Amino acid sequence: MGRSAGPFKGVWMTIDGRAVFARVSPDGPPGAPPVVLVHGLGVSGRYMMPTARRLAPDHPTFVPDLPGFGRSDKPPRPLDIPGLADALAVWMRQARLARVCLVANSLGCQTVVDLAVRYPELVGWAVLVGPTVDPEARTLLGQSARGFLDLLGEPPSYWPILTWDYLTAGPLRTIATLRHGLADPVAEKLPRVAAPTLVVRGSRDPIAPQRWVEEMARRLPRGRVLVIPGATHVANYTAPAALAAATRALMAGDFGRRGFTTETQRAQRKTEGREE
């Protein structure tokens, strides 16, 4: 487990008359459940790739750019959270995917929660990494301030990816999508998520504080919390080995009450030692 996968290939699909791009590594052991990685606000799926590459040898792995972001076409109006979930559901069905493990970051967690509530047949497991929106910062100013603080702690290699993707999406679309996220009642939806769910926080994440991720796990019928030491808001980029190990453990049913497995602990130690 944890081997590097071969190259992903770009795949295009048409949803509601618009082209949607995804990075796909469809191979894996027979019967292995697929994994779909869902990006956050303003960005594409590119920053999900460090984790995707670690999952691909063991699972068919898919990283779409949701409509309006990355290489996918832009709808005339920015989609709200249910609209993004609807688009993801259509894309998954066209890709013939069901009962997958969804690994999401930031605002993508809200998309996955909405998907899990309204399309439960598509979701076998969910991994919510740095989930938004903490009710104590449910304003444009509050989220922007936390985002700026987080950026100061992210590795310099992440900044060009973020900058290019934000420029591609455009500031108006990004801000409008953030407003949709702020209006989304994600906390009220959590009790209706039936799938086993792991709520993941990087210990250096100012956007998703410990109090909020613990509250999410309490509201989830089958929720667990995992804190990755040394990781930032985008733990999928800064701690991919630990996150991939945790995702495999969740699918295998190996997450105990404390949320740790031997493989996850080993990967966490590497993260703390900067051995990623």
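Data block above holds the structure.
A brief report on the enclosed structure follows. Since the structure is predicted, the reported quantities are computational estimates derived from the model, not experimental observations.

**Concerning the nonpolar core**
Phase 1: Judged by nonpolar contacts, the single largest core of 50 residues is most densely connected at Val 36, Val 38, Leu 88, Trp 91, Met 92, Leu 102 and Leu 115.
Phase 2: Apart from residues lying up to four places away in sequence, Leu 115 is in contact with Ala 85, Leu 88, Ala 89, Met 92, Leu 102, Pro 120, Leu 122 and Val 123.
Phase 3: Judged by nonpolar contacts, the second largest core, of 34 residues, contains Ala 52, Leu 162, Ile 228 and Ala 242.

**With respect to the packing of aromatic side chains**
Phase 1: A complete count under the given rule lists 4 aromatic pairs for this structure.
Phase 2: Aromatic side chains Trp 12 and Phe 21 sit 5.0 Å apart centroid to centroid with 55° between the ring planes, which places their arrangement in the tilted category.
Phase 3: Using a relative accessible area of 43% as the deciding quantity, one classes Trp 12 as partly exposed.
Phase 4: Centre to centre, the rings of Tyr 158 and Tyr 237 are 5.5 Å apart; their planes meet at 50°, and the pair counts as tilted. Of this pair, Tyr 158 sits in helix α5 (residues 158-169) while Tyr 237 sits in helix α9 (residues 235-238), placing them 79 residues apart in sequence. The pair formed by Tyr 158 and Tyr 237 is uniform in burial state, with each residue classed as buried.
Phase 5: Counting every residue linked through ring pairs, the aromatic cluster contains Tyr 47, Tyr 158 and Tyr 237.
Phase 6: Seen from the ring of Phe 21, Arg 71 lies directly overhead, with NZ or CZ sitting 4.1 Å from the centre.
Phase 7: Geometry around Trp 125 places Arg 99 over its ring, the cationic atom sitting 4.6 Å from the centre.

**Looking at the sheet that holds strand β3 (residues 35-38)**
Phase 1: Across the sheet, 8 strands lie side by side as β1-β2-β4-β3-β5-β6-β7-β8; this open sheet has mixed pairing. Sheet topology places β1 (9-15) and β8 (223-228) at the edges, where each strand pairs with a single neighbour. The sheet shows a mean angle of 25° between the axes of neighbouring strands, direction not considered.
Phase 2: One ladder, built from 4 bridges, connects β3 with strand β5 (residues 100-105); its direction is parallel. Each residue of the ladder has a partner; that of Val 36, found in β5, is Leu 102.
Phase 3: Along the sheet, helix α3 (residues 107-118) makes contact with β3, β5 and β6 (123-129), crossing β5 at roughly 145°.
Phase 4: Most of the contacts of helix α8 (residues 210-219) go to β8, to which it runs at about 155°, and overall it touches β6, β7 (197-202) and β8.

**What to know about the pairing of β1**
Phase 1: Where β1 and strand β2 (residues 18-25) come together, 7 bridges link them in antiparallel fashion. Bridged to Thr 14 within β2 is Ala 19.

**With respect to the pairing of β3**
Phase 1: Neither face of β3 is exposed, since Val 35 and Leu 37 on one face and Val 36 and Val 38 on the opposite face are all buried.
Phase 2: As for the winding sense of the linkage, the β-α-β connection from β3 through helix α1 (residues 49-55) to strand β4 (residues 61-64) is right-handed.

**What about the pattern of salt bridges?**
Phase 1: On inspection of all chains with the given rule, the structure shows 12 salt bridges.
Phase 2: For Arg 118, the salt bridge identified is with Asp 114, shortest N-O distance 2.7 Å. Of this pair, Arg 118 and Asp 114 both sit in helix α3, 4 residues apart, which is roughly one turn of the helix.
Phase 3: Of the charged contacts, one joins Glu 215 and Arg 219 as a salt bridge, the two residues approaching to 3.1 Å between their closest N and O atoms. Placement of both Glu 215 and Arg 219 in helix α8 is noted, with a separation of 4 residues, approximately one turn of the helix.
Phase 4: For Arg 219, a relative accessible area of 36% corresponds to the partly exposed category.
Phase 5: Three or more residues are tied together by salt bridges with common partners; here these are Asp 86, Asp 114, Arg 118, Asp 184 and Lys 189.

About the thresholds
- Residues numbered from 1 in each chain as written.
- Predicted model: local features only at pLDDT ≥ 70, side-chain atom pairs only at ≥ 80, totals over all residues.
- Heavy atoms only, no water.
- Core = buried A, V, L, I, M, F, W, Y, C linked by side-chain atoms within 4.5 Å.
- Buried < 20%, exposed > 50% of the residue type's maximum accessible area, 1.4 Å probe, protein only.
- Contact = heavy atoms within 4.5 Å.
- Phe/Tyr/Trp six-rings, centres within 6.5 Å; stacked < 30°, edge-to-face > 60°.
- Helix = DSSP H or I, 4+ residues; strand = E, 2+ residues; numbered from the N terminus.
- Lys NZ or Arg CZ within 6 Å of the ring centre and 35° of its normal.
- Pairing = 2+ DSSP bridges.
- Axes fitted to C-alpha atoms, helices over the stretch in contact; angles between N-to-C directions.
- Right-handed = clockwise from strand over helix to strand, strands pointing away.
- Salt bridge = Lys/Arg side-chain N within 4 Å of Asp/Glu carboxyl O.

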